[in-house]
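So you can see what is in the structure, the chains are spelled out below.
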Amino acid sequence: AKKQGRNQFHFHTDNQERELERTYQIELEIHEALERNEFSLVYQPLINLRTNKIVGVESLLRWDNRLLGRISPAEFIPILEETGLIIPVGKWILQSVSIQMKSWQEQGLFLQRVSVNVSPIQFQDPYFVADLKKILHKAEVDPSYLELEITEGTLLDIDDSAKKLHDLQDLGVKVSIDDFGTGYSSLSYLKQLPIDTLKIDKSFIDDLDRDGKIIVNTIISMGKNLQFRVIAEGIENSDQFKYLKQQQCHEGQGYFFSRPVESDKIEELYYSLQ
Ligand code: C2E
Ligand code: CA
Ligand code: CA
Ligand code: CA
């Protein structure tokens, strides 16, 4: 038994070594990823649950590395954050999305909102709002069509984040709270801040067929009473869709409507649903 225990110990060490090795490789490669043009963006439709039309999209980052292949954001975003690379990459995302927004606008493809995920590290950067302002100005896009998705954790430093949110409001950019319900903020606290939208976390939508209805109903009705736009994320089947529509949740997003797709596919989807 002792020997077995020792073997198991070795087995774990090998696994951990392999994990470290991969993290190390990712770190080496991710430094060059921007220069090598390995990042791209995909877009997932946001659907108005009353009209079934595409009213917006969320941009999502993708990384295809020359050696490691496609790596998921869940794996590489934390590494971008730890290395501080999320700042230049985040700027690249905002620039690319702005150029895309301008192009859609020129094609007459009307989206009420294009939303972009913003990491807490990026949001805390003292130049964040000033840089964003420059990017939007250069691309000639109306800031009111851009929405930034931040998580409840980003708001932990209350004074600093309240000031930033007001600067963003002055700039005309909208803000949504992503993964809502998984953090610690209360709706009454959020109501004191200039926030436009709540995105109900996928885990609650997953639980709709079990005991998730009460939580989802509460978020929808309180959110609506406090005049937030409410979006349900991770809708995967028609039961979830029908239920959220019946509860008059404003918008939905999920594989049931569409997976995240390239920008030209958004154009096809948009015109096919007109
Ligand atoms: P998120 O912001 O909560 O994004 C939603 C994630 O759920 C996306 O995964 C999306 O592809 C996935 N999703 C959407 N609908 C469904 C569905 O019906 N079922 C299931 N199972 N999944 C669905 P993705 O693209 O892998 O991104 C994961 C996370 O990585 C994001 O979660 C976000 O936290 C982060 N991320 C992605 N792109 C960016 C970015 O540009 N900047 C930053 N800072 N973070 C990003
Ligand atoms: Ca998001
Ligand atoms: Ca989310
Ligand atoms: Ca999430």
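Predicted model only: the values in this text are computed from it and were never measured.

Colleague: I tried to follow the environment of Ser-115 on my own but got confused; where do I start?
Modeller: Secondary-structure assignment places Ser-115 in strand S4 (residues 113-117). Ser-115 sits 94 residues away from Glu-21 along the chain, and the two C-alpha atoms are 34 Å apart. Not counting chain neighbours up to four residues away, the residues in contact with Ser-115 comprise Val-57, Glu-58, Ser-59, Glu-147 and Glu-149.

Colleague: How should I be thinking about the site of ligand 1 in this particular structure?
Modeller: Neighbouring residues of ligand 1: 20 residues in total, closest Arg-62, Asn-117, Asp-178, Glu-236 and Tyr-255. Asn-117 is positioned such that a nitrogen or oxygen atom in its side chain is 3.0 Å from an oxygen atom of ligand 1. Between an oxygen atom of ligand 1 and a side-chain N or O atom of Asp-178, the distance comes to 3.0 Å. Protein contacts shield 78% of the accessible area of ligand 1, which totals 800 Å² for the unbound molecule. At a threshold of 2 Å from the grid points, most atoms of ligand 1 map onto the largest pocket. For the shell around ligand 1, the secondary structure elements donating two or more residues are strand S2 (54-65), helix H2 (73-82) and strand S6 (174-180).

Colleague: Would you mind going over the layout of surface pockets with me for this structure?
Modeller: Where empty space is left becomes clear once a probe the size of a water molecule has been rolled over the atoms. A volume near 950 Å³ is recorded for the largest pocket. If you go around the largest pocket, you meet 36 residues; those closest to its centre are Glu-58, Leu-60, Pro-73, Asn-117 and Asp-178. Sorting the residues of the lining of the largest pocket by element identifies strand S1 (39-48), S2, H2, helix H3 (86-106), S4, helix H4 (120-124), strand S5 (146-151) and S6 as the ones contributing at least two each. Of the residues in the lining of the largest pocket, the class split is 15 nonpolar, 11 polar and 10 charged. In this structure, the second largest pocket encloses a volume near 180 Å³.

What counts, and at which threshold
Residues numbered from 1 in each chain as written. Chains lettered and ligands numbered in written order. Predicted model: local features only at pLDDT ≥ 70, side-chain atom pairs only at ≥ 80, totals over all residues. Heavy atoms only, no water. Helix = DSSP H or I, 4+ residues; strand = E, 2+ residues; numbered from the N terminus. Contact = heavy atoms within 4.5 Å. Near = heavy atom within 4 Å. Polar contact = N/O pair within 3.5 Å; in protein donor to acceptor, adjacent residues only side chain to side chain. Areas by Shrake-Rupley, 256 points an atom, 1.4 Å probe, with all protein chains shown as cover. 1 Å grid on protein atoms, 1.4 Å probe; cavity = no way out; pocket = protein on both sides within 12 Å on 5 of 7 lines; lining within 4 Å. Sits in = over half its atoms within 2 Å of the grid points. Points joined across faces, edges and corners; volume = space filled by probe spheres on them. Nonpolar A, V, L, I, M, F, W, Y, C, P; charged D, E, K, R; others polar.

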